[in-house]
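Tertiary structure, described
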Amino acid sequence: MDTENTQFIPMPRIGDKAPEFKAVTTQGEINFPVDYDGKWVILFSHPADFTPVCTSEFITFASLEKKFADANCNLVGLSVDGLYSHIAWLRTIKEKIEYKGMKDVEVKFPLIEDITMNVAKKYGMIQPGESSTKAVRAVFFIDPKGIIRAIIYYPLSLGRNFDELYRVLIGLQTADAFGVATPADWQPGDDVIVPTAGSCGVAKERMENKGDMHCYDWFFCTKKLDKEKVMKAILKK
Ligand code: BEZ
């Protein structure tokens, strides 16, 4: 690697403001994250157009676009390919590829061209141990205020789990809407975790009079949260 010319760009972290950029996409120019003010965004990268894992992912994501939109979440993709490659690949997906019963799939969300790797580098999507020319499969969950709330990275060979991506989005929105945390493998309708007791008095009270809570111990109490309530809070926006 040419270390003299290698500019150090810190990886964005959870809680950071999403790095800003302007880019050309398959849906026109975007000014990120300003154009998405007030919305959740999943910004994700893929290694290359016209590759099998990426094709399976794009068909799946495009098929789920409405489900994400209903949760106030826009999708934005990126790879280190040019605009005409993107256009040709998305046309091929629509015209020729049927995958797991999904066919005639139109990718309507923007796909960023990033030949210069300007955006990919800003977001730590180029991980040279994996590839210095292709982005890894990164997923950034960005909230309506432009703050990065969760990040998942997958290697080139592993296709993403889209149920998990949706679960992460709904989990973040549930935490915000109800002031709770969500336990292992949480799904809407499962019990949620109430904030830990912040004083000896509250800890004692919780253990003596749990009310509608279930306390495994003073620091670990859960309560019911109906799926309908969760989905109503999330889908109303
Ligand atoms: C794929 O999407 O199939 C792929 C892309 C780059 C490296 C390996 C697999």
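Throughout this document, residue positions are counted from 1 along each chain, in the order its sequence is written. pLDDT decides what is reported in this predicted model: residues at 70 or higher carry local features, side-chain atom pairs at 80 or more are listed and counted, and totals for whole chains, interfaces and linings draw on all residues regardless. The side-chain numbers reported here are obtained from all heavy atoms of the structure, hydrogens and water having been left aside.

Next up on the list: the site of the ligand. Every residue close to the ligand is listed here: Pro47, Thr51, Pro52, Val53, Cys54, Arg137 and Leu156. Between N or O atoms, a polar contact is any pair within 3.5 Å; within protein, one atom must be a potential hydrogen donor and the other a potential acceptor, and residues adjacent in sequence are included only when both atoms are from side chains. With respect to the ligand, the backbone of Pro52 contributes an N or O atom lying 3.2 Å from an oxygen atom. Measuring from an oxygen atom of the ligand, one finds a side-chain N or O atom of Arg137 at 3.1 Å. Each accessible area is a Shrake-Rupley result for a 1.4 Å probe, and residues are judged covered by the shown protein chains and nothing else. Within the complex, 78% of the 260 Å² of free accessible area of the ligand lies under protein. Working definition: residue near molecule or strand if any one of its non-hydrogen atoms lies within 4 Å of it.

On to unusual backbone geometry, then. Note: most peptide bonds trans; most residues except glycine with negative phi. The peptide bond linking Phe32 to Pro33 adopts the cis configuration, its omega dihedral lying at 0 degrees. Starting at the N terminus, helices and strands are each numbered in turn, a helix being any DSSP run of H or I of at least four residues and a strand any DSSP run of E of at least two. With respect to the helices, strands and loops of the structure, Pro33 is situated in the loop between strand 2 (28-32) and strand 3 (40-45). At Asp104, a position not held by glycine, the phi torsion is positive, near 55 degrees. Looking at the secondary structure, you find Asp104 in the loop between helix 3 (83-96) and strand 5 (111-113).

Relative to the elements of secondary structure, Ser131 occurs in the loop between helix 4 (118-122) and strand 6 (137-142). Taking the relative accessible area as the measure of exposure, Ser131 reaches 10% and is therefore buried. Within the structure, the side chain of Ser131 is placed 3.2 Å from the backbone nitrogen of Thr133, a separation counted as a polar contact. Not counting chain neighbours up to four residues away, the residues in contact with Ser131 comprise Ile126 and Leu156. Note on classification: 1.4 Å probe, protein chains only; a residue is buried when its accessible area is under 20% of the maximum for its type, exposed when over 50%, partly exposed between these limits. The contact criterion used throughout is that any non-hydrogen atoms of two residues lie within 4.5 Å.

Here we come to the packing of helix 5 (residues 162-178) against helix 7 (residues 227-235). Contact geometry of helix 5 with helix 7 gives a least axis separation of 10 Å together with a crossing angle of 90 degrees. Judged by the inter-axis angle, helix 5 sits roughly perpendicular to helix 7. The segment helix 5 lies against helix 7, with Tyr166, Ile170, Gln173, Thr174, Ala177 and Phe178 engaging Lys229, Val230, Met231, Ala233 and Ile234. Residues are sorted three ways: Asp, Glu, Lys and Arg are charged, Ala, Val, Leu, Ile, Met, Phe, Trp, Tyr, Cys and Pro are nonpolar, and all the rest, Gly among them, are polar. When the residues that make up the contact of helix 5 with helix 7 are grouped by side-chain class, the tally is 8 nonpolar, 2 polar and 1 charged. Only C-alpha atoms enter the line fits that serve as axes; for helices the fit covers just the stretch in contact. Angles between N-to-C directions range over 0 to 180 degrees. We call two directions roughly parallel when the angle between them is under 35 degrees, roughly antiparallel when it is over 145, roughly perpendicular when it lies between 65 and 115, and oblique otherwise.

Attention now moves to the state of the cysteines. A pair of sulfur atoms, both from cysteines and within 2.5 Å, is called a disulfide here. Evaluated as defined, the whole model comprises 1 disulfide. Each disulfide pairs two cysteine sulfurs, and for Cys215 the partner residue is Cys221, the sulfurs being separated by 2.0 Å. With the S-S dihedral at roughly 110 degrees, the linkage between Cys215 and Cys221 falls on the right-handed side. Accessibility expressed as a relative area gives 9% for Cys215, which makes it buried. With a relative accessible area of 1%, Cys221 lands in the buried category. Left unpaired, Cys54 is separated from the closest cysteine sulfur, that of Cys73, by 19 Å. Here Cys200 stays free of any disulfide, with the sulfur of Cys221 as its closest cysteine sulfur at 14 Å.

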